[in-house]
Amino acid sequence: MELYLDTADVSSVKRLHSILPIKGVTTNPSLIAKEKKPLFDILAELQAVIGVDGQLFAQVIANNAQDMIKQAQALTKRFPSLVVKVPVTAQGLIAIKSLTELGITTLGTAVYGAGQGLLSALAGAKYVAPYVNRIDAQSGSGIDVVNELQTLLTLHAPSSMMLAASFRTPRQALDCLLAGCEAITLPVDVAELFISDPAVDAAIDKFENDWKKAFGKLTF
Ligand code: E4P
């Protein structure tokens, strides 16, 4: 499976990249805007942290196919292995189709429905990103969309894969992996929740205290 961090915060990526087996970093316009630095500068810093083999994702901001294609070309000219995120709208589908013909790898993003996700895969998107928590937050079921989309991709677009996104809890991410998602992207706070658990800390404290009582120091 592929594990990504969903952030444009370089220092968080530095710290978590040393702990977690992450394959790369996904960004979106809101995450970039939070950093208040030019897009290409942030992408260059992120690429330096994750290394040449680390996979970067960045999203087009234009809302018409022609400009989406131009932005995708500008991104991949500067970062040749970058995956371009394209919102799955009517214009986005035109752009994904053209970009696929141009040999530019895309991810269909802002996916709220299984049919919408399938269409982006049929247009040529390598990755499809359902927004699990945002679907849950509007009284839908993120995991139902993920399950349907997984079946649809397996049956009708096997060369595309789901990269499930938008999580607030580790449980949401685990449910996607159990449903067969081959890739997930975690926001920093959710990634932190995976690796810090008060019960684990308490268990380790007890081991240390028991050891210190018996032997004084934490050495053999
Ligand atoms: C994915 O493509 C998006 O960048 C992101 O995961 C949306 O998630 P959010 O709901 O955490 O903003």
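This one's a predicted model, so the numbers in the text were calculated from it and none came from an experiment.

We now examine the side chain of glutamate 2. Position of glutamate 2 among the secondary structure elements: in strand β1 (residues 2-6). Although buried, glutamate 2 forms no salt bridge, and the nearest oppositely charged side chain, lysine 23, lies 4.5 Å from it. Within the local environment of glutamate 2, its side chain forms a polar contact with the side chain of tyrosine 127, the two groups lying 3.1 Å apart. With residues near it in sequence (within four places) discarded, glutamate 2 still touches Lys23, Tyr127, Met161, Glu182, Ala183 and Ile184.

The residue alanine 110 is not glycine, and still its phi comes out positive at about 60°. Take alanine 110: it is sitting in strand β5 (residues 106-111).

Below, the discussion takes up the pairing of strand β6 (residues 127-130). Residues Tyr127 and Ala129 point to one face of β6 and Val128 and Pro130 to the other, with burial holding for every one of them. Two strands pair when backbone bridges link them, and β5 and β6 are joined in this way by three bridges, in the parallel orientation. Across the sheet, leucine 107 pairs through a bridge with tyrosine 127, a residue of β6. Regarding the hand of the β-α-β motif, the stretch spanning β5, helix α6 (residues 114-123) and β6 is right-handed.

Right, let's talk about the layout of surface pockets for a bit. Quantified by volume, the largest pocket comes out at close to 410 Å³. Looking at the largest pocket, it is lined by 25 residues, and the ones nearest its centre are Asp6, Asn28, Leu31, Arg168 and Pro187. Contributions of two or more residues to the lining of the largest pocket are made by α2 (29-35), β5 and α10 (188-195). Across the lining of the largest pocket, the residue classes tally to ten nonpolar, seven polar and eight charged. Taken together, 13 residues form the lining of the second largest pocket, with Leu39, Gln59, Val60, Ile61 and Gln71 sitting closest to its centre.

We now examine the side chain of threonine 27. Secondary-structure assignment places threonine 27 in the loop between β2 (24-26) and α2. At 2.8 Å, the side chain of threonine 27 and the backbone oxygen of phenylalanine 57 are in polar contact. If near-sequence neighbours (up to four positions away) are discounted, threonine 27 is found in contact with Asp6, Thr7, Ala8, Ile32, Leu43, Leu46, Phe57, Ala58, Gln59 and Lys85.

The subject of this paragraph is the site of the ligand. Every residue near the ligand is listed here: Asp6, Asn28, Lys85, Thr109, Tyr131, Arg134, Ala165, Ser166 and Arg168. In the model, an oxygen atom of the ligand is placed 2.7 Å from a nitrogen or oxygen of the asparagine 28 side chain. A distance of 3.3 Å separates an oxygen atom of the ligand from a polar side-chain atom of arginine 168. Alone, the ligand offers 340 Å² of accessible surface; in the complex the protein occludes 90% of this. The cavity where the ligand resides is the largest pocket. In the shell around the ligand, the residues fall into two nonpolar, three polar and four charged.

Cut-offs applied
Along each chain, numbering runs from 1 in the same order as the chain's sequence is written. For this predicted model, a pLDDT threshold of at least 70 governs which residues receive local features, and a threshold of 80 or more governs which side-chain atom pairs are given and counted, while totals over whole chains, interfaces and linings are taken from all residues. Side-chain figures throughout are based on the complete set of non-hydrogen atoms in the structure, without hydrogens or water. What counts as a helix is a DSSP run of H or I of at least four residues, what counts as a strand is a run of E of at least two, and both are numbered from the N terminus. The rule is simple: take the accessible area with a 1.4 Å probe, protein chains only, and divide by the maximum for that residue type; under 20% is buried, over 50% is exposed, in between is partly exposed. Within this scheme the basic residues Lys and Arg register as positive and the acidic residues Asp and Glu register as negative, but His and the chain ends are omitted. Any carboxyl oxygen of Asp or Glu that lies within 4 Å of a side-chain nitrogen of Lys or Arg is treated as forming a salt bridge with it. Polar contact is defined as a pair of N or O atoms within 3.5 Å, subject to the rule that within protein one atom must be able to donate a hydrogen and the other to accept it, and that residues adjacent in sequence are counted only when both atoms are side-chain atoms. Here, two residues are considered to be in contact whenever any of their heavy atoms come within 4.5 Å of each other. Here, any two strands with at least 2 DSSP bridges between them count as paired. If the strands point away from the viewer and the path from the first strand over the helix to the second runs clockwise, then the crossover is right-handed. Points on a 1 Å grid, built from protein atoms alone, make a cavity when a 1.4 Å probe fits but cannot get out and make a pocket when they are open with protein on both sides within 12 Å along at least 5 of 7 lines; residues with an atom within 4 Å of a point are the lining residues. Grid points are joined across faces, edges and corners, and a volume is the space filled by probe spheres set on the points. Charged residues are taken to be Asp, Glu, Lys and Arg, nonpolar residues to be Ala, Val, Leu, Ile, Met, Phe, Trp, Tyr, Cys and Pro, and polar residues to be all remaining types, Gly included. Residue proximity to a molecule or strand is established when one non-hydrogen atom of the residue lies within 4 Å of it. For the area figures, the Shrake-Rupley method with a 1.4 Å probe applies, and any residue is considered shielded solely by the protein chains shown. For a molecule to be placed in a cavity or pocket, more than half of its atoms must lie within 2 Å of the grid points of that cavity or pocket.

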